[in-house]
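# What the coordinates show
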Amino acid sequence: MKKKKFQSLLVLSMAISIAFPSAEAAAADSPALKMGSKGTSVKQLQLDLKKETAPKKAQRAAYPSGFSRDLKKGMSGNDVGKLQSYLIKLGQTLKADKKFGTQTYNAVVSFQKKNKLNATGTADLKTLNAIVKANTTASAAKPLAPAVPVPYPEGFKRTLKSGHQGPDVRLLQAYLTKAGYRLGVDEVFGKNTFEALRKFQQSIKYKDNGIAGPKTLTRLVLKATVSPAYKGYSFSGKGWGHAVGMTQWGALGMAQKGFGYHDILKYYYTGVDFKKIDTSKQNIRVCLSKEKTSVDLNGTGSYSIQDMQGNVLFEPAAQTPTNVTVEDGEFLLTNGDETAYIDQPFKVVSVKGKYLSHKKMNYNGVLEVSFSDNKKKRINVINRLNVETYLQGVVPSEVSSKWHPEAIMAQTLAARTYALKHLSPAGKWDVYDTIDSQVYKGVGQEAANVNAIINGETKGEVITYKGALINAYFSASAGGYTVGSGFVWSTDFPYLVGKPDPYDQSKYAKNWWTYELSFEEISKRAASFNIGEVVNIKIVEKKYTRPTKVRITGFNGTIEVSGSAFRKLMNGDAMKSAIYSADLVKNEPVKKESYPKG
């Protein structure tokens, strides 16, 4: 015990010898002290230690209540907030945000100059004492005045309570919603509004009477404006495509469960039958390009430019590109140094066993080039070929050639039926080569096993309803539930009805996309509705698990739009499917700065 006490004494003596030379000198004239020393010399040394450290303790005690350090620009904390409060009471204009910024700095300089202090902008010990003293003096000198009523925040002119109605109640509900108390915004002060208001009052330690007076309203507006509970919405969804008719991933799931292609098609197309037709002479016209100002044509071997009757108009060099543009109502063909003008539609024909090329893809059949309209300024390119040959470039573009054979067969019948149903002799073409019809990628996508299915067991086989070809619509995934045709288009077909799709086990059957928007961005997108800042989105109606009506609530009004219109409004490319949900995204809590203890 004595050893420990002496060690402490020795450490303190060394500290004093460095910091206070006078103490060191005094110790030099005293008898030597060592472990176990007693008497008046030890007591005197202890008294000297207390006397030497007293000034520092006194200095700390000299700060006014609530302060323990000099305050300067860049600092933050409760003591900065206290300083700001004192300065505001002395007439300085600044924001009380507990952050020592430019406003606070200027206010301190102004006070220092006014009180003939060193204008450093730092609230040091002397400045802090002067500020506190000035506040005390000002408070003592000011006579008691009658209480000034707290003004209502903008948009409010009365105290609101249960039973009230009107735009100000709507504003109250909007602010409560933005502050995190989710309730309907309907301009009626009912039970939900009352309970939400009470919870807010409890959170700020006000009397929870459910009455919105000026103080409560002011705090509510501040909370909703400065630190709203949520920053926006996150949308997520499932499914891929229009979901009418057969789903390709569902067909694969059924095939893997042992269903044959007829059973698969009968499940997705209600009440259908099958029959075979002769397609050996049936051509189809596929639009590869439309309304272009310039196109390139080529061949994998020799090819020629012919009129529609088969007369040769131009013979490019084999396997070299021919560029086609329009000049003064005529086609201008350029192949190397050779050029030709043609004033009528023409076709591009390859020698037997070779293919034609366009858009970096190779094609069977012939390519037909025509003007897009009577103005003769733009170009269309159409691929004319047999429908079965066309399917060889469609089926493996729509589903994987590695899929179960029964799923590929189901896709083959759907694609063939769709193609034949959409033949349009009076039109410029029958189908597109994109998802606007069916995806068609020409020769390069063909697969031997798929070609065998198309030209073998299923050749010429189509799907019918009461003897007529059906509209054999299909898509990748319905997200677990297909829809009736009338849900997507204007016509209901008895064989295209919505039903569960439990066989689809793809990623699209679950939520696979997410899209987040801030309230600010949502408000911008809804600006044309004049409902003000948006505070709430609610899906109010669904069909086939898909939103059909969405309510958007703003400070100034509420609107309801269809589920598809809402997708388009928020960004249809980002909201990738018709099945979606809308979930609030919480604001991250504001992190408070902290200082080391002391």
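Preceding this section is the structure that the text describes.
Just so you know, these numbers come straight off a predicted model, no measurement behind them. (Residues numbered from 1 in each chain as written. Predicted model: local features only at pLDDT ≥ 70, side-chain atom pairs only at ≥ 80, totals over all residues. Heavy atoms only, no water.)

### Quick notes on unusual backbone geometry
Of note in the backbone geometry, glutamate 291 takes a positive phi value of approximately 55° without being a glycine. The residue glutamate 291 is located in strand S4 (residues 283–292) in this model. The partly exposed category is assigned to glutamate 291, whose relative accessible area is 49%. One non-glycine residue, lysine 360, adopts positive backbone phi at about 65°. Tracing the backbone through its elements, the reader meets lysine 360 in the loop between strand S12 (356–358) and strand S13 (361–363). (Helix = DSSP H or I, 4+ residues; strand = E, 2+ residues; numbered from the N terminus. Buried < 20%, exposed > 50% of the residue type's maximum accessible area, 1.4 Å probe, protein only.)

### Details of helix H4 (residues 78–89)
With 12 residues, H4 ought to run about 16 Å at 1.5 Å a step, and its terminal C-alpha atoms sit 17 Å apart, in line with that. Every buried residue of H4 is listed here: Asp79, Val80, Gly81, Leu83, Gln84, Tyr86 and Leu87. Positive backbone phi, approximately 100°, marks glycine 91, located one or two places after H4. (Expected span 1.5 Å × (residues − 1).)

### A short note on the environment of leucine 83
Checked against the element boundaries, leucine 83 lands in helix H4. Assessed through its relative accessible area of 0%, leucine 83 is described here as buried. Each C-alpha atom of the pair leucine 83 and glycine 66 lies 9.2 Å from the other, and the pair is 17 residues apart in sequence. Setting aside its immediate chain neighbours within four residues, leucine 83 contacts Phe67, Leu71, Phe100, Thr104, Val108, Ala123, Leu128 and Ile131. (Contact = heavy atoms within 4.5 Å.)

### What to know about the packing of aromatic side chains
By the definition in use, this model includes 28 aromatic pairs. Between phenylalanine 235 and phenylalanine 566, the ring centres sit 5.7 Å apart and the planes meet at 65°, which makes this aromatic pair edge-to-face. Separated by 331 residues along the polypeptide, phenylalanine 235 in strand S1 (residues 230–238) and phenylalanine 566 in helix H17 (residues 563–571) bring together distant segments of the chain. Here the two residues phenylalanine 235 and phenylalanine 566 agree in accessibility, since each one is buried. When the centroid spacing of 5.4 Å and the interplanar angle of 50° are considered together, the rings of tyrosine 465 and tyrosine 495 count as tilted. Remark: tyrosine 495 occurs in the loop between helix H15 (485–488) and strand S20 (513–518) and tyrosine 465 occurs in strand S17 (residues 461–465); sequence separation between them is 30 residues. According to the relative accessible area criterion, tyrosine 495 is buried, its value standing at 5%. (Phe/Tyr/Trp six-rings, centres within 6.5 Å; stacked < 30°, edge-to-face > 60°.)

### Re the nonpolar core
By size, the foremost hydrophobic cluster in this structure holds 69 residues, and its most contacted members are Met246, Tyr269, Phe331, Phe346 and Tyr390. Looking at this core element by element, the count peaks at 10 residues for helix H13 (residues 405–421). Those residues in contact with phenylalanine 346 that sit more than four places away from it in its chain are Leu297, Ile305, Gln306, Met308, Leu313, Val324, Phe331, Leu333, Leu367, Glu368 and Val369. (Core = buried A, V, L, I, M, F, W, Y, C linked by side-chain atoms within 4.5 Å.)

### Points about the sheet that holds strand S6 (residues 303–307)
Neighbouring strands of a sheet are bound in pairs by backbone hydrogen bonds; such pairs are parallel or else antiparallel. Spatially, S7-S6-S11-S14-S15-S4-S16 is the arrangement adopted by the seven strands of the open sheet, whose pairing is mixed. Each of the sheet's edge strands pairs with one partner strand only, and the pair in question is strand S7 (312–314) and strand S16 (431–432). As paired strands, S4 and strand S15 (residues 379–386) are joined by seven bridges and run antiparallel to one another. The partner of lysine 292 across the bridge, within S15, is isoleucine 379. (Pairing = 2+ DSSP bridges.)

### Some remarks on the side chain of asparagine 386
Summarising the element assignment, asparagine 386 is placed in strand S15. Contact partners of asparagine 386, with chain neighbours within four places excluded, come to Thr279, Ser280, Lys281, Gln282 and Asn283.

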